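# Structural characterization, general
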Amino acid sequence: MADKYSAVWVSHSSMGDFLKCPRLYYLHNVYKNPKTGKKINLVSPALSLGSAVHEVVEGLADYPAEKRFENPTELLERFEKVWEKFSGKKGGFKTEDEETEAKARGIQMIKRVIENPGPLKEKIIKLKDGSNGMLPNFYLSEKDNIILCGRIDWLEYKTEDDSIHILDFKTGKNGEKEESLQLPIYQLLLNKLQKRKVSGASYWYLDSENEPKEVSLPNLEESYDRVYKVAKEVSDARARALKEGAEKVFICPRGEAGCFGCAPFEKILRGEAESLGTGEWGQEMYLV
Ligand code: SF4
């Protein structure tokens, strides 16, 4: 029988790691510190900036549509408060200048939203979390015991045709790659976890654009095939690792030389990173 605790959970982030490299996937998603039994993760300025902006902008969903921009300065005050969690080393900032620059970019993004609220003033729908506070999820394949999970930034409700428009906030400088599984994953989650039609999707590059850019939605069947293919590869690799040992399965294609992708995680394994305690999801957080 299917069992959520023994299932292989896959997400946009974990499958993205796997597609980049098996060892990167292993270090970021499977490896546990043998002394503590906890997974490991890194703090970084880019992730901290993204998390702070996302928390403030997505926090607007807690208010009724007509109240979200009643007091715009409140949004900046919220950003200041949220930033405290990421200030200094715990946000991956090694110098004051580095933090000041990142924080200034965050403030600019929040100001951009205040001046151009666009779809954020409209009605939304919310996807319920899974049980025990887990991310929204469903069985991508009961036969293979694979669960797909993910949180979608913003879901605008379109009253004219009772549909949903996906909105994803981007805080980095790079565009989403064409082969990205993000939209296919969102489409599958929405198709399974709620009843309304998905009528469109947009990416909002908050660092440079005053409004979201519409992107085309993939075909649902193709989405399933693409996501399942990668998820099954992940699941098969994990099954092989149980039999043969992770070191034999999750191998770096560059051998000893490696690359910058895993370098920070390898430093943690060698005991060369600074421990920052436990993160939000129970992993050990490190500064490299
Ligand atoms: S070190 Fe680089 S090449 Fe090797 S597994 Fe990690 S990301 Fe891939």
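Above this text sits the structure in question.
Calculation criteria
Residues numbered from 1 in each chain as written. Predicted model: local features only at pLDDT ≥ 70, side-chain atom pairs only at ≥ 80, totals over all residues. Heavy atoms only, no water. Helix = DSSP H or I, 4+ residues; strand = E, 2+ residues; numbered from the N terminus. Rg over C-alpha atoms; globule rule 2.2 N^0.38 Å. Buried < 20%, exposed > 50% of the residue type's maximum accessible area, 1.4 Å probe, protein only. Contact = heavy atoms within 4.5 Å. Areas by Shrake-Rupley, 256 points an atom, 1.4 Å probe, with all protein chains shown as cover. Lys, Arg positive; Asp, Glu negative; His and termini not counted. Charge placed at Lys NZ, Arg CZ, Asp CG, Glu CD. Near = heavy atom within 4 Å. Nonpolar A, V, L, I, M, F, W, Y, C, P; charged D, E, K, R; others polar. Pairing = 2+ DSSP bridges. Axes fitted to C-alpha atoms, helices over the stretch in contact; angles between N-to-C directions. Expected span 1.5 Å × (residues − 1). Polar contact = N/O pair within 3.5 Å; in protein donor to acceptor, adjacent residues only side chain to side chain. Phe/Tyr/Trp six-rings, centres within 6.5 Å; stacked < 30°, edge-to-face > 60°. Lys NZ or Arg CZ within 6 Å of the ring centre and 35° of its normal.

### Considering the overall build of the protein chain
- Regarding its fold elements, the protein chain presents nine helices and 10 strands.
- Since a compact globule built from 288 residues should have a radius of gyration of about 19 Å, the 20 Å found for the protein chain is in line with a globular shape.
- With the C-alpha coordinates aligned to their principal axes, the bounding extent of the protein chain is approximately 55 × 50 × 35 Å.
- A buried classification covers 44% of the 288 residues belonging to the protein chain.
- Partitioning the contacts of the protein chain with sequence separation of at least 6, the portion at a separation of at least 24 is 71%.
- Element-wise, carbon and sulfur atoms account for 50% of the exposed surface of the protein chain, whose accessible area totals about 16,200 Å².
- Taking the 44 positively charged and 47 negatively charged side chains of the protein chain as two groups, their mean positions are separated by 4 Å.

### Brief notes about the site of the ligand
- The immediate surroundings of the ligand are formed by Cys-21, Arg-23, Leu-24, Cys-252, Pro-253, Arg-254, Gly-258, Cys-259, Gly-261 and Cys-262.
- Along the lines of polarity and charge, the residues of the shell around the ligand split into six nonpolar, two polar and two charged.

### Thoughts on the environment of Leu-75
- Here Leu-75 lies in helix 4 (residues 72-83).
- The buried category is assigned to Leu-75, whose relative accessible area is 3%.
- When the C-alpha positions of Leu-75 and Lys-111 are compared, they lie 8.6 Å apart, and in sequence the two are 36 residues distant.
- Not counting residues within four places of it along the chain, the set of residues in contact with Leu-75 comprises Val-56, Leu-60, Phe-69, Ile-110, Val-113 and Ile-114.

### A short note on the environment of Ile-110
- Checked against the element boundaries, Ile-110 lands in helix 5 (residues 96-115).
- Exposure remark for Ile-110: the relative accessible area of 0% places this residue in the buried category.
- Sequence-wise, Ile-110 and Thr-73 are 37 residues apart; in three dimensions their C-alpha atoms are separated by 9.9 Å.
- If near-sequence neighbours (up to four positions away) are discounted, Ile-110 is found in contact with Val-53, Val-56, Val-57, Leu-75, Leu-76 and Phe-79.

### Details of the sheet that holds strand 10 (residues 284-287)
- The strand order across the open sheet built from three strands is 2-10-9, with neighbouring strands paired in mixed fashion. Either end of the sheet is taken by a strand with one partner, and the two such strands are strand 2 (40-42) and strand 9 (274-278). Looking at each pair of strands side by side, their axes are set apart by 35° on average, direction ignored.
- One ladder, built from three bridges, connects strand 9 with strand 10; its direction is antiparallel. Each residue of the ladder has a partner; that of Thr-278, found in strand 10, is Glu-284.

### Digging into helix 7 (residues 220-244)
- The terminal C-alpha atoms of helix 7 lie 36 Å apart, and with 25 residues this matches the ideal 36 Å at 1.5 Å per residue to within 8%.
- Among the residues of helix 7, Ser-223, Val-227, Val-230, Ala-231, Val-234, Ser-235, Ala-237 and Ala-241 are the ones counted as buried.
- Near the N-terminus of helix 7, the side chain that reaches the backbone nitrogen of Glu-221, with its oxygen 2.9 Å away, is that of Asn-219.
- Once helix 7 ends, the next one or two residues include Gly-245, with phi positive near 100°.

### Examining the sheet that holds strand 7 (residues 197-205)
- As summarised here, the arrangement of the four strands in space is 5-6-7-8, forming an open sheet in which the pairing is mixed. Of all the strands in the sheet, just strand 5 (154-158) and strand 8 (213-215) have a single pairing partner and so form its edges. On average, adjacent strands in this sheet sit at an angle of 30° to one another, irrespective of strand direction.
- Relative to strand 7, strand 6 (residues 163-170) runs parallel, the two being bridged by eight bridges. Looking at strand 7, one finds that Leu-167 is bridged to Ser-202.
- Along the sheet, helix 6 (residues 182-193) makes contact with strand 5, strand 6, strand 7 and strand 8, crossing strand 6 at roughly 145°.

### A closer look at the packing of aromatic side chains
- For the coordinates displayed, the defined rule picks out 10 aromatic pairs.
- Between Phe-18 and Tyr-25, the ring centres sit 5.5 Å apart and the planes meet at 85°, which makes this aromatic pair edge-to-face. A single burial state applies to Phe-18 and to Tyr-25, both of which are buried.
- For the pair Tyr-26 and Tyr-31, a centre-to-centre distance of 6.1 Å together with 75° between the ring planes defines the contact as edge-to-face.
- Judged by its relative accessible area of 9%, Tyr-26 is buried.
- Ring pairs connect the aromatic residues Phe-18, Tyr-25, Tyr-26, Tyr-31 and Phe-250, which therefore count as one cluster.
- The ring of Tyr-203 has Lys-170 sitting right over it, with the charged end atom 4.5 Å from the ring centre.

### Regarding unusual backbone geometry
- Positioned with a positive phi, Asn-145 is a non-glycine residue whose angle comes to about 55°.
- Note on placement: Asn-145 falls in the loop between strand 3 (137-141) and strand 4 (146-149).
- The phi torsion at Asp-162 lies on the positive side, around 55°, for a residue other than glycine.
- Mapped onto the elements of the fold, Asp-162 is located in the loop between strand 5 and strand 6.

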